[in-house]
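# Residue-level structure breakdown
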Amino acid sequence: MASPEGFQPFVPANESRPEFTVRAVLLGCIFGVVFGAVTVYVGLSAGLTVAASIPISVLSISVLRVLGKASILENNIVQTTGNAGQSIAAGVIFTLPALIFLGFDLEYVRIFMLALLGGWLGVLFMIPLRRQLIVEEHGNLTYPEGTACADVLIGGERGGSFASRVFFGLGFGGLYALFQNENLLSAWPGTPNYEPKWLPGAAVRAAATSEYLGVGYIIGPRIAGTLFAGGIISWLVIMPAIHFFGAHYPGAIYPGTVPIAQMSPSDLWITYIRPMGAGGVAASGLITLLRTMPTIFNALRAGMKTIGKNASSGSTSRTERDIPMNIVLLGSGVLVLMIFLFLTFKPIPGAQTGWLANLAAALLVMLFGFLFVTVSSRICGLIGSSSNPVSGMTIATLMAVAAIFLVSGWTAPAFGALAITIGGIVCIASSNAGDTSQDLKTGFLIGATPWKQQVAVMVGVVVSVFSIGITLNAMNKGLEEFTPMKQPIALNLSAPLDGVQLQQQHFSRQRFLLTKPDKSTEFVEGSPYMLLNALGSTTLPDGKYLYNPQTGNIEIQWMQGIGSEKAAAPQGRLMATVINGILSRKLPWGLVFLGVFMVIAVEVLGIRSLSFAVGAYLSIGTTLAMFCGGIVRWMVDRAVAKAGGSEADTSSEISPGSLYASGLIAAGGVMGLMGVALKLYEAATGNEVRLWFPAGSAIYNLLQHQSISIITFALLAFSLYYFARKPLDNK
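Just so it is clear, the structure is predicted and the values come from calculations on it, not from any experiment.

As a further point, take the overall build of the chain. Each helix and strand in the chain was counted, giving 24 helices and nine strands. Over its C-alpha trace the chain gives a radius of gyration of 25 Å, about what one expects of a compact globule, namely 27 Å for 731 residues. Projected onto the principal axes, the alpha-carbon positions of the chain cover approximately 80 × 65 × 55 Å. A burial count over the chain gives 59% of its 731 residues as buried. Excluding contacts between residues fewer than 6 apart, the proportion of contacts in the chain whose partners are at least 24 apart in sequence is 81%. Summed over its atoms, the accessible surface of the chain is roughly 28300 Å², and 65% of this surface lies on carbon and sulfur atoms. For the chain, the distance from the average site of its 43 positive side-chain charges to the average site of its 36 negative ones is 3 Å.

Time to look at the packing of aromatic side chains. As enumerated under the stated definition, the model contains 25 aromatic pairs in all. Both rings, one in Phe168 and one in Phe172, keep their centres 6.3 Å apart while their planes meet at 20 degrees; by these two values the pair is stacked. Of the two residues, Phe168 and Phe172 both sit in helix H8 (residues 163–180), four residues apart, roughly one turn of that helix. Plain terms: the ring middles of Phe482 and Phe507 are 6.1 Å apart, the flat faces sit at 65 degrees to each other, and that makes the pair edge-to-face. Note that Phe482 is positioned in strand S3 (residues 481–490) and Phe507 in the loop between strand S4 (500–504) and strand S5 (511–515), a separation of 25 residues in sequence. We note that Phe482, like Phe507, is buried.

Now for the nonpolar core. Counting residues in hydrophobic clusters, the biggest one holds 200 residues, and the most contacted among them are Leu44, Val92, Phe405 and Leu472. Setting aside its immediate chain neighbours within four residues, Phe405 contacts Trp410, Phe415, Leu418, Ala419, Ile422 and Leu583. Of all hydrophobic cores here, the second largest spans eleven residues; its members include Met485, Leu491, Val500 and Ala534.

What follows is about the side chain of Thr449. Along the chain, Thr449 turns up in the loop between helix H15 (413–446) and helix H16 (450–478). By relative accessible area, Thr449 is classed as buried at 1%. A polar contact of 2.8 Å, which involves the side chain of Thr449, links it to the side chain of Glu19. Residues in contact with Thr449, not counting those within four places in the same chain, are Glu19 and Arg318.

Mapped onto the elements of the fold, Gln503 is located in strand S4. On the basis of relative accessibility, which here comes to 30%, the residue Gln503 falls in the partly exposed class. Separated by 81 residues in sequence, Gln503 and Ser584 place their C-alpha atoms 20 Å apart. Sequence-distant contacts of Gln503, that is, excluding residues within four places in its chain, are made with Asp105, Leu531, Leu532, Asn533 and Lys544. At 2.8 Å, the side chain of Gln503 forms a polar contact with the side chain of Lys544.

Enumeration according to the criterion identifies 16 salt bridges in this entry. Arg23 is the partner of Glu74 in a salt bridge, and the nearest nitrogen-oxygen pair spans 3.0 Å. In this pair, Glu74 sits in helix H3 (residues 72–95) while Arg23 sits in helix H1 (residues 22–46), placing the two residues 51 residues apart along the sequence. The exposure class assigned to Glu74 is buried, which follows from its relative accessible area of 2%. With a relative accessible area of 27%, Arg23 lands in the partly exposed category. Where Glu480 meets Arg509, a salt bridge forms, and the shortest distance between an N and an O atom there is 2.8 Å. Of the two residues, Glu480 sits in the loop between H16 and S3 while Arg509 sits in the loop between S4 and S5, which places them 29 residues apart along the sequence. The exposure class of Arg509 is partly exposed, given its relative accessible area of 22%. Here the salt bridges do not stand alone but share partners, grouping Glu15, Arg17 and Glu157 into one network.

On to the environment of Asp439, then. In this structure, Asp439 sits in helix H15. Since its relative accessible area comes to 4%, Asp439 is described here as buried. For the pair Asp439 and Arg291, spaced 148 residues apart in sequence, the C-alpha separation works out to 27 Å. Look past the residues within four positions of Asp439 in its chain and what remains in contact with it is Asn76, Gln79, Thr80, Asn83, Gln453 and Val457.

On the surface, Trp355, Leu356, Leu359, Leu363 and Met366 cluster together into a nonpolar patch covering about 500 Å² of accessible area. Take Leu356: it is sitting in helix H13 (residues 355–383).

The next thing to look at is unusual backbone geometry. Here the bond from Tyr254 into Pro255 is cis, since omega is 5 degrees, no more than 30 degrees from zero. Located in the positive-phi region is Ser186, a residue other than glycine, with phi close to 50 degrees. The residue Ser186 is located in the loop between H8 and strand S1 (193–194) in this model. Despite not being glycine, Ala569 shows a phi value in the positive range, around 50 degrees. With relative accessibility at 2%, the residue Ala569 sits in the buried group.

Assignment of secondary structure puts Asp435 in helix H15. An unpaired buried charge is present at Asp435: no salt bridge exists, and Lys441, the closest side chain of opposite charge, is 15 Å distant. The residues touching Asp435, leaving out its near neighbours within four places in the chain, are Asn83, Gln86, Ser87 and Ser385.

Right, let's talk about helix H19 (residues 609–617) for a bit. H19 sits mainly inside the fold: seven of its nine residues count as buried. Buried within H19 we find Ser609, Phe612, Ala613, Val614, Gly615, Ala616 and Tyr617. On its buried face, H19 sits against helix H9 (210–246), helix H10 (265–291), helix H17 (570–584), helix H18 (589–604) and helix H20 (620–642).

Another aspect to go through is the pairing of strand S6 (residues 521–525). Taken together, the five bridges between S5 and S6 define a ladder with antiparallel strand orientation. The partner of Thr515 across the bridge, within S6, is Thr521. What sits between the antiparallel neighbours S5 and S6 is a turn of five residues, in which Lys519 has the positive phi angle 75 degrees.

What follows is about the packing of helix H5 (residues 108–126) against H13. Packing of H5 against H13 brings their axes to within 9 Å, and their N-to-C directions diverge by 65 degrees. Helix-helix and strand crossings are classified by hand; for H5 and H13 the assignment is right-handed. Together, Leu121, Gly122, Phe125 and Met126 of H5 and Val365, Met366, Gly369, Phe370, Val373 and Ser377 of H13 make up the contact between the two elements. Along the lines of polarity and charge, the residues of the contact of H5 with H13 split into seven nonpolar, three polar and no charged.

Conventions adopted
- Residues numbered from 1 in each chain as written.
- Predicted model: local features only at pLDDT ≥ 70, side-chain atom pairs only at ≥ 80, totals over all residues.
- Heavy atoms only, no water.
- Helix = DSSP H or I, 4+ residues; strand = E, 2+ residues; numbered from the N terminus.
- Rg over C-alpha atoms; globule rule 2.2 N^0.38 Å.
- Buried < 20%, exposed > 50% of the residue type's maximum accessible area, 1.4 Å probe, protein only.
- Contact = heavy atoms within 4.5 Å.
- Areas by Shrake-Rupley, 256 points an atom, 1.4 Å probe, with all protein chains shown as cover.
- Lys, Arg positive; Asp, Glu negative; His and termini not counted.
- Charge placed at Lys NZ, Arg CZ, Asp CG, Glu CD.
- Phe/Tyr/Trp six-rings, centres within 6.5 Å; stacked < 30°, edge-to-face > 60°.
- Core = buried A, V, L, I, M, F, W, Y, C linked by side-chain atoms within 4.5 Å.
- Polar contact = N/O pair within 3.5 Å; in protein donor to acceptor, adjacent residues only side chain to side chain.
- Salt bridge = Lys/Arg side-chain N within 4 Å of Asp/Glu carboxyl O.
- Patch = residues over 30% accessible without salt bridge, like charges linked within 9 Å, V, L, I, M, F, W, Y side chains within 5 Å.
- Pairing = 2+ DSSP bridges.
- Axes fitted to C-alpha atoms, helices over the stretch in contact; angles between N-to-C directions.
- Left-handed = near helix turned anticlockwise from the far one by under 90°.
- Nonpolar A, V, L, I, M, F, W, Y, C, P; charged D, E, K, R; others polar.

Worth remembering: the numbers are spatial, not functional.
In structure tokens:
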């Protein structure tokens, strides 16, 4: 099968250049680890991810140029290997945190295996589609991110330089994050906060981080503004209304456990807004899925026609060789068998299921996995990876699986965990297949060898899943918080509360850091306590609690890092809501339906509701900070337009502002992870580390004014505006 008539790649098929070299693979693995970890950190907090292939390509060109004798094909292998980390991380954070929300532990081995199996399935299922989608439909499927990445690689091969702008972003963003991050120096308030006395229940705050500023710039003013609008509705309309109507009621209002008058804005958000936001995100995800159904059906129909057309036609051309089909089929079968064996012999603790259910799960993964890999690979060619409705396809998978389980009578909590496992593997496979198709499009345009790229992706998957699992667990533990109950709840273990189960007779932690109401901390011995898990209780919000048998009271709430205001994980909450709604039907349905109809109202206004719903779910601290990045982008757009430029000059992924913003995101993510590591060290050793001036000193008191935080964030925003307006030196 030949390439489309008249098309010639940058590197001819009969020319051989260094490609799958040791240094290219190693460099790609390093980028995969870094960008995979950064994607987990940013995605859990911001609720969205940004593409990594362009920044990786830019950095690769610079590094290999320094090492000498760089080849464009080597740079392509670097970005192909490294980009696997971002796509796998996106699939993981969209689904697997749901296990925490369902009351189960998120084990490192489980994250590793599910990410590995899903990532490899995505590559193998996509290989039979490559020639039809990438080669034969070259003129119809543009694969925008893959084409842009090819432009960067070709520009770098011709001597262009883009890396300086990314390095400036890394430098300034890293320096800013070192001082700003609350887990590092915390030189000034990391999240300036204003709670108006004239509007009780409301709050205006901004998590003034470099990564949120960069994300807001890249997604642009329209999406950033829609996200912030959702935050305004939640934090400045609904929460004050809840306080206004409920503050005079002396008792707790479900699903709350304390009177509304005693709740802070953060308490109102956790108790009432998150269920409402989850309902809104679920409704908008379904609406998005329904809207894209014609595209999905067309993609599926066209994809089915390509099966069997990918076999070699006897050509030995370097640019036409895929991994052989017998290896693809054998590998796919082995992976499905491994899924069955893993579920059978390594079940989720407390969620054991029989071999029949595990076999059904493996077969459902194969069915939905191949279905949505086909859809994802084609849709990415039409509208790009950023618009790929992976979350909608995952919702469809979960709804179908949960419906099958419901009809089969499999409604115990263990089957909810099994459904999330199926959805997680399918989501990871679909996400990785979409990005793999973009990488293969890049390779097609520059003249790469397909089978080498496919192997590079699989290597990138193996390496990146190590950091993804570590980062996910590190954030869950490093951002956790133990807080005293506002009102201790008496409990008789012989007659436990509905939905509350004893998980550990003796709490496994020897010591833990207790955060008091005045924000001071102290280490507390863990052995006297019992660990309880609440799920679907009418007395306690879902979560984990410490029970003191000596007093007979539930005294401490253990708030997991994932699900907190700093790592809200909206997609994971959405997946848990879908499962709970179908299998257990234990949800605050009134709040869920408020979110659903709020989204319908937004759709009636003609606004795409998904961004609005995510913004309504997230903390306003997240959406306001991203909105600031969107404002900078709007200012740059206006300045460029006045100078006679076009919108394409600023919206391109290789524009000066986008490259600088990518550096800010990476810097914020890396420094944030360093802060999480420091918190883990404190928890493990019992020693609280103080890196800055001691509290109470003159310099400390001077810098703790919220105005300092606003001024420094404004300076960082100005640097983004400046470098976005400064042309690149591509000579």
